[in-house]
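# Summary of structural features
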Amino acid sequence: MTPRPPRIGWAELPRETRAAVEACAGSVTEVDRVEMGERSDIASVLDTEAGKVFAKGVPAADRQAAWLENEARINPYVAGLAPPLRWRVEAGGWLVLGFEYIEGRHVVYSPGSGDMAKLAAVLKALQEIPCPDVVYRRAEWRWKDFTDRAETMAGEAMIHADLNPGNVLITEDRAYLVDWAGTCRGAGWVELAMLIPRLIGHGHGPAEAEEWAAQFTPWRDAAAEDVDLFVAAESIRWDKVAADWPYPRILLAANTSRQWKEWRRGR
Ligand SMILES: Nc1ncnc2c1ncn2[C@@H]1O[C@H](COP(=O)(O)OP(=O)(O)OP(=O)(O)O)[C@@H](O)[C@H]1O
Ligand SMILES: [Mg+2]
């Protein structure tokens, strides 16, 4: 994990890139820069003649471009769960994706939050979609350096794999999942296992977080020893990341993963 250079603004994109975006989106009249998230070098809400659009982009030669391509390829298969991709522009050395703008706020993961039911509805819908062939990343890759049984996390479900609160937008009546760049194929319970430390980090007790996960079939069907193996590997993974990058959100993830592991050991 290498820190990205600071985000640039719309006006700093090459003229050719801006012209190509405007050919798809219409003339840009106002720009609101988005600070949340760090993978894209530009992320902005563009106000255009045709309405608002969320645009994110990276230099086309950057290795992050492959992640953005991943997100673009997956979008048609997750219609209804993700904001639809309106256009994809490659021009002036940049790759930029334009999504339907969602007027929403980030999810609140605290116990008792009304957002949890909206999140559950969107996750259940995701669990019903067969994993399309375009999803080539494999969940087990993520843990291969932290356990010699990473294949435990393998499976055929489609997993978003990054449900940090910045990637779940809440509107009046529902939740949308954004940022499908890291979507992978794996065991269905892995999505919930990756989410549980986040819930713990926002005030859920480990038992309460697991109880919430138990409303989903893949969690109820998961073997306890597979989850134990995951929890051990995930805790080692976060400790390693935290040793290299001791940022607050990473330290929190390392702590909550450890807390969950210790709770499961003590059951
Ligand atoms: N369609 C959308 N409408 C409105 N806001 C959006 C939309 N998509 C994303 N956002 C906002 O922009 C932020 C950044 O978007 P996203 O997470 O897709 O980009 P990223 O910076 O590339 O990813 P990462 O979070 O992995 O660094 C999100 O946290 C969310 O607040
Ligand atoms: Mg994000």
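Residues numbered from 1 in each chain as written. Chains lettered and ligands numbered in written order. Predicted model: local features only at pLDDT ≥ 70, side-chain atom pairs only at ≥ 80, totals over all residues. Heavy atoms only, no water.

### Some details on the overall build of the chain
- When helices and strands are tallied, the chain shows eight helices and ten strands.
- Here the C-alpha radius of gyration of the chain, 19 Å, is about what a compact globule of 267 residues would show, namely 18 Å.
- Oriented by its inertia axes, the alpha-carbon framework of the chain measures out at about 60 × 40 × 35 Å.
- Within the chain, the proportion of its 267 residues that are buried is 50%.
- For the chain, long-range pairs separated by at least 24 residues make up 68% of all intrachain contacts whose partners lie at least 6 apart in sequence.
- Carbon together with sulfur atoms contributes 52% to the accessible area of the chain, which is approximately 12,600 Å² in total.
- The averaged location of the 40 negative side-chain charges in the chain is 3 Å from the averaged location of its 32 positive side-chain charges. (Helix = DSSP H or I, 4+ residues; strand = E, 2+ residues; numbered from the N terminus. Rg over C-alpha atoms; globule rule 2.2 N^0.38 Å. Buried < 20%, exposed > 50% of the residue type's maximum accessible area, 1.4 Å probe, protein only. Contact = heavy atoms within 4.5 Å. Areas by Shrake-Rupley, 256 points an atom, 1.4 Å probe, with all protein chains shown as cover. Lys, Arg positive; Asp, Glu negative; His and termini not counted. Charge placed at Lys NZ, Arg CZ, Asp CG, Glu CD.)

### Things to note about the domain arrangement of the chain
- With domains assigned, the chain is organised as domain 1 (10-100) and domain 2 (105-266).
- Of note, the centres of domain 1 and domain 2, computed from C-alpha atoms alone, are 27 Å apart.
- The interface is formed by 16 residues belonging to domain 1 together with 24 residues belonging to domain 2.
- Around 1,700 Å² of area is buried between domain 1 and domain 2 when both sides are counted, 62% of it from carbon and sulfur atoms.
- In terms of surface lost to domain 2, no three residues of domain 1 exceed Ile-74, Tyr-77 and Leu-81, which account for 33% of the buried area on that side. (Domains from an automatic or database assignment. Buried area = accessible area lost by both parts, 1.4 Å probe.)

### Brief notes about the UniProt feature "domain: Aminoglycoside phosphotransferase" (unreviewed entry) in the chain
- Those places that UniProt annotates as "domain: Aminoglycoside phosphotransferase" (unreviewed entry) correspond, in this numbering, to residues 156-217.
- End-to-end, the C-alpha atoms of residues 156-217 are 15 Å apart, and along that stretch the chain is 35% helix and 19% strand. (UniProt positions renumbered as here; feature names shortened; annotations may be inferred.)

### A look at the nonpolar core
- Judged by nonpolar contacts, the single largest core of 51 residues is most densely connected at Leu-119, Leu-123, Trp-189, Trp-212 and Phe-230.
- Secondary-structure elements contributing two or more residues to this core are helix H3 (115-127), strand S7 (157-159), strand S8 (168-170), strand S9 (175-177), helix H4 (189-201), helix H5 (206-213) and helix H7 (224-244).
- Counting contributing residues per domain, this core is built from domain 1 (10-100) and domain 2 (105-266), each supplying no fewer than three.
- Not counting chain neighbours up to four residues away, the residues in contact with Leu-123 comprise Leu-163, Leu-177, Leu-192, Leu-195, Trp-212 and Phe-216. (Core = buried A, V, L, I, M, F, W, Y, C linked by side-chain atoms within 4.5 Å.)

### Topic: the coordination of the magnesium ion (ligand 2)
- In this structure, Asn-167 (OD1) and Asp-179 (OD) serve as the protein donors to the magnesium ion (ligand 2), at separations of 2.2 to 2.3 Å. Note that Asn-167 is positioned in the loop between S7 and S8 and Asp-179 in the loop between S9 and strand S10 (184-186), a separation of twelve residues in sequence.
- Judged by its relative accessible area of 5%, Asn-167 falls in the buried class.
- By relative accessible area, Asp-179 is classed as buried at 17%. (Donors = N, O, S within 2.8 Å, 3.2 Å for Na, K, Ca; no water.)

### Some thoughts on the sheet that holds S9
- Strand order in the open sheet formed by three strands is S6-S8-S9, and the pairing between neighbours is antiparallel. The open sheet has two edge strands, strand S6 (105-106) and S9, and neither has a second partner.
- Note that S8 and S9 share three bridges and pair antiparallel. Across the sheet, Leu-169 pairs through a bridge with Tyr-176, a residue of S9.
- Packed onto the sheet, H3 meets S6, S8 and S9 and runs at close to 50 degrees relative to S9. (Pairing = 2+ DSSP bridges. Axes fitted to C-alpha atoms, helices over the stretch in contact; angles between N-to-C directions.)

### Some words on H4
- The first and last C-alpha atoms of H4 sit 19 Å apart over 13 residues, in line with the 18 Å expected at 1.5 Å per residue.
- Counted residue by residue, H4 has eleven buried out of 13 residues, so it is predominantly covered.
- Residues of H4 that are buried include every one of Trp-189, Val-190, Glu-191, Leu-192, Ala-193, Met-194, Leu-195, Ile-196, Pro-197, Leu-199 and Ile-200, and no others.
- Along its buried surface, H4 packs onto H3, S7, H5, helix H6 (217-221), H7 and helix H8 (248-266).
- Gly-203 occupies a position one or two residues after H4 and carries a positive phi of about 110 degrees. (Expected span 1.5 Å × (residues − 1).)

### What to know about the sheet that holds strand S2 (residues 42-48)
- With antiparallel pairing, five strands are arranged side by side in an open sheet as S1-S2-S3-S5-S4. Whereas interior strands pair on both sides, the edge strands pair on one side only; in this sheet they are strand S1 (28-33) and strand S4 (85-91). Neighbour-to-neighbour, the strand axes of the sheet open up by a mean angle of 25 degrees, direction not taken into account.
- Bridge count for S4 against strand S5 (residues 94-100) is six bridges, and the pairing is antiparallel. Along S5, the bridge assignment pairs Arg-88 with Leu-97.
- On top of the sheet, helix H1 (residues 15-25) reaches S1, S2, strand S3 (51-59), S4 and S5; it is set at about 155 degrees to S4, its chief contact.
- The strands that helix H2 (residues 64-74) touches are S3, S4 and S5; relative to S3, the one it contacts most, it runs at about 140 degrees.

### A look at the site of ligand 1
- Neighbouring residues of ligand 1: 20 residues in total, closest Arg-7, Glu-38, Arg-39, Ser-40 and His-106.
- Of all the elements in the fold, those that place two or more residues in the shell around ligand 1 are S3 and S5.
- In terms of residue class, the shell around ligand 1 is made up of nine nonpolar, five polar and six charged.
- Here the shell around ligand 1 gathers at least three residues from each of two domains, domain 1 (10-100) and domain 2 (105-266). (Near = heavy atom within 4 Å. Nonpolar A, V, L, I, M, F, W, Y, C, P; charged D, E, K, R; others polar.)

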